[in-house]
Amino acid sequence: SIIAIALATRPLWRRRRPTENGVREQDGQSATTAFLEGALKGSYRSLLQAVEDLSQEDLEWRPYPQAPSAGFLLWHVARVQDALLHRQLLGRTELWITQGWAQRFHLPAFGLGEDHSDEHVGEFHVPPKEDLLAYVDASYGAVLHSLQSPGPDSWTLANDAGTERARYLVTLVNHANMHAGAISYIAQL
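Residues numbered from 1 in each chain as written. Predicted model: local features only at pLDDT ≥ 70, side-chain atom pairs only at ≥ 80, totals over all residues. Heavy atoms only, no water.

Trainee: Residues and numbers for the overall build of the protein chain, please.
Mentor: Tallying secondary structure elements over the protein chain gives nine helices and two strands in all. The order of helices and strands in the protein chain, counted from the N terminus, is α-β-β-α-α-α-α-α-α-α-α. Expressed as a percentage of the 189 residues in the protein chain, the buried residues total 46%. Considering only intrachain contacts with a sequence separation of at least 6, the fraction spanning at least 24 residues in the protein chain is 70%. On the protein chain, roughly 10200 Å² of surface is accessible, and the fraction owed to carbon and sulfur atoms is 54%. (Helix = DSSP H or I, 4+ residues; strand = E, 2+ residues; numbered from the N terminus. Buried < 20%, exposed > 50% of the residue type's maximum accessible area, 1.4 Å probe, protein only. Contact = heavy atoms within 4.5 Å. Areas by Shrake-Rupley, 256 points an atom, 1.4 Å probe, with all protein chains shown as cover.)

Trainee: Please give an account of the packing of aromatic side chains that cites residues and values.
Mentor: Under the counting rule described, the total for this entry stands at 10 aromatic pairs. When the ring of Trp75 is compared with that of Phe124, the centres are 4.9 Å apart and the planes differ by 40°; the resulting orientation is tilted. Of the two residues, Trp75 is situated in helix α4 (residues 70–89) and Phe124 in the loop between α7 (118–123) and α8 (129–148); the sequence distance between them amounts to 49 residues. Like Trp75, the residue Phe124 is buried in the burial classification. Residues Trp101 and Phe105 carry aromatic rings whose centres are separated by 5.6 Å and whose planes lie at 55° to one another, so their mutual orientation is tilted. Note that Trp101 and Phe105 are positioned in helix α6 (residues 101–105) at a spacing of four residues, about one turn of the helix. Here Trp101 falls in the buried class, since its relative accessible area comes to 6%. By the ring-pair criterion, three or more aromatic residues cluster together here, those being Phe72, Trp75, Trp96, Trp101, Phe105, Phe124 and Tyr135. (Phe/Tyr/Trp six-rings, centres within 6.5 Å; stacked < 30°, edge-to-face > 60°.)

Trainee: Residue-level account of the pattern of salt bridges, with values.
Mentor: Opposite charge on two side chains permits pairing when their charged atoms draw close. Per the counting criterion, the structure on display carries four salt bridges. Close ionic contact of Glu37 with Lys41 constitutes a salt bridge, the shortest N to O distance being 2.9 Å. Here Glu37 pairs with Lys41, and both are found in helix α2 (residues 28–51), just four residues apart, close to one helical turn. Note on Lys41: relative accessible area 34%, which makes it partly exposed. Close ionic contact of Glu94 with Arg79 constitutes a salt bridge, the shortest N to O distance being 2.7 Å. Of this pair, Glu94 sits in the loop between α4 and α5 (95–98) while Arg79 sits in helix α4, placing them 15 residues apart in sequence. The class of Glu94 is buried, set by a relative accessible area of 2%. Within the structure, one salt-bridge network assembled from shared partners comprises Arg79, Asp82, Arg87 and Glu94. (Salt bridge = Lys/Arg side-chain N within 4 Å of Asp/Glu carboxyl O.)

Trainee: Before we move on, can you summarise α4 with the specific residues and values?
Mentor: If you check α4, its first and last C-alpha atoms are 27 Å apart, about what 20 residues at 1.5 Å a residue would give, namely 28 Å. The buried fraction of α4 amounts to 18 of the 20 residues, a majority that puts the element mostly inside the structure. Looking at the residues trailing α4, positive phi occurs at Gly91, about 65°. (Expected span 1.5 Å × (residues − 1).)

Trainee: Summarise the side chain of His76; cite the residues concerned and give the values.
Mentor: Looking at where His76 falls in the secondary structure, it is placed in helix α4. In terms of polar contacts, His76 uses its side chain to reach the side chain of His175, at 2.9 Å. Discounting chain neighbours no more than four positions away, the residues touching His76 are Leu112, Gly113, Glu114, His175 and His179. (Polar contact = N/O pair within 3.5 Å; in protein donor to acceptor, adjacent residues only side chain to side chain.)

Trainee: Outline unusual backbone geometry, listing residues and values.
Mentor: One non-glycine residue with positive phi stands out, namely His106, at about 55°. The topology assignment puts His106 in the loop between α6 and α7.

Trainee: Which residues make up the layout of surface pockets, and what are the values?
Mentor: Approximately 230 Å³ is the volume found for the largest pocket. If you go around the largest pocket, the residues you meet are Trp75, Phe105, His106, Leu107, Pro108, Gly111, Asp115, His116, His120, Glu123, Phe124 and His125. (1 Å grid on protein atoms, 1.4 Å probe; cavity = no way out; pocket = protein on both sides within 12 Å on 5 of 7 lines; lining within 4 Å. Points joined across faces, edges and corners; volume = space filled by probe spheres on them.)

Trainee: An account of the packing of α4 against α8 is requested, with residue identities and associated values reported.
Mentor: Between α4 and α8, the shortest axis-to-axis distance is 9 Å and the interhelical angle comes to 30°. Classified by the interaxial angle, the pair formed by α4 and α8 is roughly parallel. Between α4 and α8 lies a crossing of left-handed hand. Here α4 contributes Gly71, Leu74, Trp75, Val77, Ala78, Arg79, Gln81, Asp82, Leu85 and His86 to the contact with α8, which in turn contributes Leu132, Leu133, Tyr135, Val136, Ser139, Tyr140, Ala142, Val143 and Ser146. (Axes fitted to C-alpha atoms, helices over the stretch in contact; angles between N-to-C directions. Parallel < 35°, antiparallel > 145°, perpendicular 65-115°, else oblique. Left-handed = near helix turned anticlockwise from the far one by under 90°.)

See the structure below:
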């Protein structure tokens, strides 16, 4: 969304540094990190605002039999983010497994909600809102922590691997914003 982009770019203007000839430049690493961090925080806020006033019953409600619930969409965003960061980008086991979220929610270890049939979506049991939001927080926290951690997996655009990782995170931001909009729509029905 345009709001997420505006929030993401605001820190870029503040972090410029003067050079010998007076032109202000932005370090490529910090610019990339600042943009991604701002965009992720913006999408996180959008999701939280979308579910802020929803009760557990509201999270479970489906506008029609083939539609996912707001709770399903919130879970799906966190799962995709967790899987993409840990499994795809970092080559690690997901928080979903290492922190026991799959067992706590009584859900399969590797489902993301992307290939659920209408029947599976209808059978999805939305975890308690407090627990679901805790998993969303953990997922976002892990992504933000990885952005702030220096090392060989840095998020710079200076190489192909860094550019590819940055593209994945931009995709996650778009994905989260799309579903935040869908959750807001469901909440208004």
